[in-house]
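What follows is the residue order along each chain.
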Amino acid sequence: MGLFEELATKIQGANKRIVFPEGEDARIQAAVIRLAQTGLIKPILLGDEQAIAATANENHFDLTGIEIIDPKTYPKAQLETMVKALVERRKGKTDFETAEKWVTNVNYFGTMMVYMELADGMVSGAKHPTGDTVRPALQIVKTAPGSTRISGAFIMQKDEQRYVFSDAAINIDIDAQTMAEIAIQSAHTAQVFGIDPKVAMLSFSTKGSAKADQVTKVVEATKLAHEMDPQLAIDGELQFDAAFVPSVAAAKAPGSDVAGHANVFIFPDLQSGNIGYKIAQRFGGFEAIGPILQGLAKPISDLSRGCNADDVYKVALITAAQAL
Ligand SMILES: CC(C)(COP(=O)(O)OP(=O)(O)OC[C@H]1O[C@@H](n2cnc3c(N)ncnc32)[C@H](O)[C@@H]1OP(=O)(O)O)[C@@H](O)C(=O)NCCC(=O)NCCS
Ligand SMILES: CC(=O)OP(=O)(O)O
């Protein structure tokens, strides 16, 4: 069974309500119609009702039976309850006036629906950059117990090959502690997707071949991650070739049980992580599934703005599975 057949089986019958703040987008509508037809989730489209209808008309989509919420016409009393809940959640950080403004933004509105359990998860980011999509989640939903940072992983898949790349979406510049936490979160994500994790902590250096603060950070992160989970197969610092190619590993990192066989790749910063996944996707022909947000208290997923309807469908299945 393929990855998404497995996920579909898992979520079948759970009727998870997933809110899509970008209801006017044709890719979102196409995915939502497919999801509703399969009965796998209960989608909720957010947005301007007329604009949603216009997209549907243009594309000959039938949205019959799909719940649509237009924040502009949301009942006043319910909107007030939402604003109060937001102010309460952000006690001392966000005043009433700001909260009223925030909920006019579909990403804040959708995030509040998840926070208030009016929806089980949210999928956005087809039209919004990652920062605007995830900031409400960072401010309102916040981290799950045991996590101090949220990070973003991609499942990179081609034929039988399946790998995890992290952090490719969220934390711009990380210290050793954060890199270690991302490694632990990513090993967990790997297990969820049927990968037995072998974690490579990536650098431009392998086992002391270069000296620099950036290398020291990766060495320190490897040590910290090992302390956090002594059972985890993890090694670093490794260059990508040493992590991935057995013959290179034999030359550069002899004796490592991860080098040459790694399947979870932890990047030392967001420049390398985001560039790295896009190169594997566009040059290497890998399908990039994600970013899958790790360490959030409730499932909220970001899309790449380059996504297609199939990507939206798949990320929605992942989000519903995270909500189980
Ligand atoms: C994620 C991102 C938007 C957060 O930046 P920001 O909004 O400037 O963050 P701030 O530092 O102002 O923090 C806002 C809130 O989020 C929290 N936060 C920020 N990053 C966090 C993280 N990684 N994990 C958990 N919480 C985080 C802060 O603690 C703060 O909470 P508070 O308001 O309750 O005090 C920013 O790091 C970013 O733009 N990352 C890159 C995204 C991107 O473009 N990726 C490439 C495409 S996928
Ligand atoms: C994940 C990512 O790179 O997102 P975008 O392409 O929207 O910037």
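Predicted model only: the values in this text are computed from it and were never measured. (Residues numbered from 1 in each chain as written. Chains lettered and ligands numbered in written order. Predicted model: local features only at pLDDT ≥ 70, side-chain atom pairs only at ≥ 80, totals over all residues. Heavy atoms only, no water.)

1. As for the pairing of strand β6 (residues 161-166)
Here 5 bridges tie strand β5 (residues 151-158) to β6, and the two strands are oriented antiparallel to one another. In the strand pairing of β6, Lys-158 is matched with Gln-161. When β6 meets strand β9 (residues 264-266), the two strands line up parallel, connected through 3 bridges. Across the sheet, the residue bridging to Ser-166 is Ile-266, located in β9. (Pairing = 2+ DSSP bridges. Helix = DSSP H or I, 4+ residues; strand = E, 2+ residues; numbered from the N terminus.)

2. Notes on the packing of helix α8 (residues 176-192) against helix α9 (residues 213-228)
It is at 8 Å that the axes of α8 and α9 come closest, and there the two elements cross at 50 degrees. Accordingly, the angle class assigned to the pair α8 and α9 is oblique. Handedness of the α8/α9 crossing: right-handed. Within the contact between the two elements, α8 uses Ala-176, Gln-177, Met-179, Ala-180, Glu-181, Ala-183 and Ile-184 and α9 uses Lys-217, Val-218, Glu-220, Ala-221, Leu-224, Ala-225 and Met-228. (Axes fitted to C-alpha atoms, helices over the stretch in contact; angles between N-to-C directions. Parallel < 35°, antiparallel > 145°, perpendicular 65-115°, else oblique. Left-handed = near helix turned anticlockwise from the far one by under 90°. Contact = heavy atoms within 4.5 Å.)

3. Observations regarding the sheet that holds strand β4 (residues 121-124)
Overall, parallel pairing links the 5 strands, which are arranged β3-β2-β1-β4-β11 in an open sheet. Edge positions in the sheet fall to β3 (67-69) and β11 (300-302), since each has one partner strand and no second. Neighbouring strand axes in the sheet, compared pairwise and without regard to direction, differ in orientation by 25 degrees on average. Here 2 bridges tie strand β1 (residues 17-20) to β4, and the two strands are oriented parallel to one another.

4. What to know about the site of ligand 2
The environment of ligand 2 is made up of Thr-130, Phe-154, Asn-274, Tyr-277, Lys-278, Pro-291, Ser-304 and Arg-305. For ligand 2, an oxygen atom lies 3.4 Å from a polar atom in the side chain of Tyr-277. Between Arg-305 and ligand 2, the recorded distance is 2.8 Å, taken from a side-chain N or O atom to an oxygen atom. Taking 260 Å² as the accessible area of ligand 2 by itself, protein coverage stands at 87%. In terms of residue count, helix α12 (residues 270-282) provides more of the shell around ligand 2 than any other element does, 3 residues in total. (Near = heavy atom within 4 Å. Polar contact = N/O pair within 3.5 Å; in protein donor to acceptor, adjacent residues only side chain to side chain. Areas by Shrake-Rupley, 256 points an atom, 1.4 Å probe, with all protein chains shown as cover.)

5. A word on the environment of Ala-190
Among the structural elements, Ala-190 can be located in helix α8. Assessed through its relative accessible area of 0%, Ala-190 is described here as buried. Considered as a pair, Ala-190 and Asn-57 are 133 residues apart in the sequence and their alpha carbons are 40 Å apart. Ignoring sequence-local partners within four residues, the contact set of Ala-190 consists of Val-164, Ile-195, Pro-197 and Val-264. (Buried < 20%, exposed > 50% of the residue type's maximum accessible area, 1.4 Å probe, protein only.)

6. Considerations on the site of ligand 1
Contacts to ligand 1 come from 18 residues, most closely from Lys-93, Arg-135, Ile-150, Ala-169 and Asn-171. Interatomic distance of 2.9 Å between a side-chain N/O atom of Arg-90 and an oxygen atom of ligand 1. Backbone polar atom of Ala-169 to a nitrogen atom of ligand 1: 2.8 Å apart, as the coordinates give it. About the coverage of ligand 1: the protein hides 65% of its 930 Å² of free accessible area. The element contributing the most residues to the shell around ligand 1 is helix α7 (residues 130-141), with 6 residues.

7. Overview of the UniProt feature "domain: Phosphate acetyl/butaryl transferase" (unreviewed entry) in the protein
Sites flagged by UniProt as "domain: Phosphate acetyl/butaryl transferase" (unreviewed entry) map to residues 4-320. Taken end to end, residues 4-320 is 45% helix and 17% strand, and its two terminal C-alpha atoms sit 12 Å from one another. (UniProt positions renumbered as here; feature names shortened; annotations may be inferred.)

8. Digging into unusual backbone geometry
Looking along the chain, the bond that leaves Ser-166 and enters Asp-167 is cis, with omega of -25 degrees. Secondary-structure assignment places Asp-167 in the loop between β6 and α8. Residue Gly-290 is joined to Pro-291 through a cis peptide bond whose omega torsion reads 0 degrees. Tracing the backbone shows Pro-291 in strand β10 (residues 287-294). For Glu-117, which is not a glycine, the phi torsion comes out positive at approximately 65 degrees. Within the element layout of this structure, Glu-117 appears in the loop between α6 (106-115) and β4. Here the phi dihedral of Asp-159 falls at roughly 50 degrees; this positive angle occurs in a residue that is not glycine. On the secondary structure map, Asp-159 appears in the loop between β5 and β6. With a relative accessible area of 70%, Asp-159 lands in the exposed category.

9. Details of the side chain of Asn-107
Mapped onto the fold, Asn-107 is located in helix α6. We classify Asn-107 as buried; its relative accessible area is 1%. Polar contacts involving the side chain of Asn-107 include one to the side chain of Ser-124, which spans 2.7 Å. Apart from residues no more than four positions distant in its own chain, Asn-107 is found in contact with Pro-21, Met-122, Ser-124, His-128, Asp-132, Thr-133 and Pro-136.

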